[in-house]
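Structural description and commentary
Chain by chain, the residues run as shown.
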Amino acid sequence: MYLTKDPTLKSVEVGLATAERLLSTRNIMKREYDFRKAKRGAVVSVPKGKTRITIRLDGEILAWFRYQVELAGGGNYQTVINEALRQHIQRAQEPSEKTLRRVIREEIRRAS
């Protein structure tokens, strides 16, 4: 048995065949790809007007947005979350009279 230094295996004992396979895979990667001109950081650049952030959402919230995307036939749940936040901000900023008129219109539509 051998100890591997691979952090994903957390220094667990592996058999000779597994150790040889790990070394073989690493050598293949070294031969196939040239990372000398590689750059660190995000692979996909952020479009203008957008900001990359990390946010923690409740699982059921994220599941709901993903489900909405699935119902729509595809897309990006992040876009749906962005649109929901945009609508919330617009409604929070509208005057009370406009809000009242909008709610009354919505209720009349539901009743008819």
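**Some details on the overall build of the protein**
- When its secondary structure is counted, the protein shows 4 helices and 2 strands.
- Burial analysis of the protein (112 residues in total) assigns 9% to the buried set.
- Within the protein, residue pairs in contact and separated by at least 24 positions form 5% of the contacts whose partners lie at least 6 positions apart.
- Of the accessible surface of the protein, which amounts to about 10900 Å², a share of 55% is contributed by carbon and sulfur atoms.

**Let's talk about the layout of surface pockets**
- The computed volume of the largest pocket comes to approximately 800 Å³.
- Along the walls of the largest pocket sit 21 residues, with Thr51, Arg52, Ile53, Gln78 and Asn82 positioned nearest its centre.
- A total of 7 residues in the lining of the largest pocket trace back to one element, the largest contributor, which is helix H3 (residues 77–93).
- The class makeup of the residues in the lining of the largest pocket is 10 nonpolar, 8 polar and 3 charged.

**Section: a nonpolar patch on the surface**
- Together, Ile53, Ile55, Leu57 and Ile61 give the surface a local cluster of nonpolar side chains, amounting to about 380 Å² of exposed area.
- Topologically, Ile53 is positioned in the loop between helix H1 (16–32) and helix H2 (59–71).
- For Ile53, a relative accessible area of 61% puts it in the exposed group.

**Brief notes about the side chain of Glu94**
- By the element assignment, Glu94 lies in the loop between H3 and helix H4 (96–111).
- On the accessibility criterion, Glu94 (16% relative accessible area) is buried.

**A few points about the packing of aromatic side chains**
- This model, assessed by the stated rule, comprises 1 aromatic pair.
- Ring plane angle 85 degrees and centroid distance 5.0 Å describe the contact between Trp64 and Phe65, whose orientation is recorded as edge-to-face.
- Positioned above the aromatic ring of Tyr77, the side-chain terminus of Arg66 is 4.7 Å from the ring centre.

**With respect to the packing of H2 against H3**
- For the pair H2 and H3, the least separation of the axes is 9 Å and the interaxial angle reads 110 degrees. Between H2 and H3, the angle is such that the two are roughly perpendicular. From H2, Leu62, Phe65, Arg66 and Val69 reach across to H3, where they touch Tyr77, Val80, Ile81 and Ala84.
- Along the lines of polarity and charge, the residues of the contact of H2 with H3 split into 7 nonpolar, no polar and 1 charged.

About the cut-offs
- Residues numbered from 1 in each chain as written.
- Predicted model: local features only at pLDDT ≥ 70, side-chain atom pairs only at ≥ 80, totals over all residues.
- Heavy atoms only, no water.
- Helix = DSSP H or I, 4+ residues; strand = E, 2+ residues; numbered from the N terminus.
- Buried < 20%, exposed > 50% of the residue type's maximum accessible area, 1.4 Å probe, protein only.
- Contact = heavy atoms within 4.5 Å.
- Areas by Shrake-Rupley, 256 points an atom, 1.4 Å probe, with all protein chains shown as cover.
- 1 Å grid on protein atoms, 1.4 Å probe; cavity = no way out; pocket = protein on both sides within 12 Å on 5 of 7 lines; lining within 4 Å.
- Points joined across faces, edges and corners; volume = space filled by probe spheres on them.
- Nonpolar A, V, L, I, M, F, W, Y, C, P; charged D, E, K, R; others polar.
- Patch = residues over 30% accessible without salt bridge, like charges linked within 9 Å, V, L, I, M, F, W, Y side chains within 5 Å.
- Salt bridge = Lys/Arg side-chain N within 4 Å of Asp/Glu carboxyl O.
- Phe/Tyr/Trp six-rings, centres within 6.5 Å; stacked < 30°, edge-to-face > 60°.
- Lys NZ or Arg CZ within 6 Å of the ring centre and 35° of its normal.
- Axes fitted to C-alpha atoms, helices over the stretch in contact; angles between N-to-C directions.
- Parallel < 35°, antiparallel > 145°, perpendicular 65-115°, else oblique.

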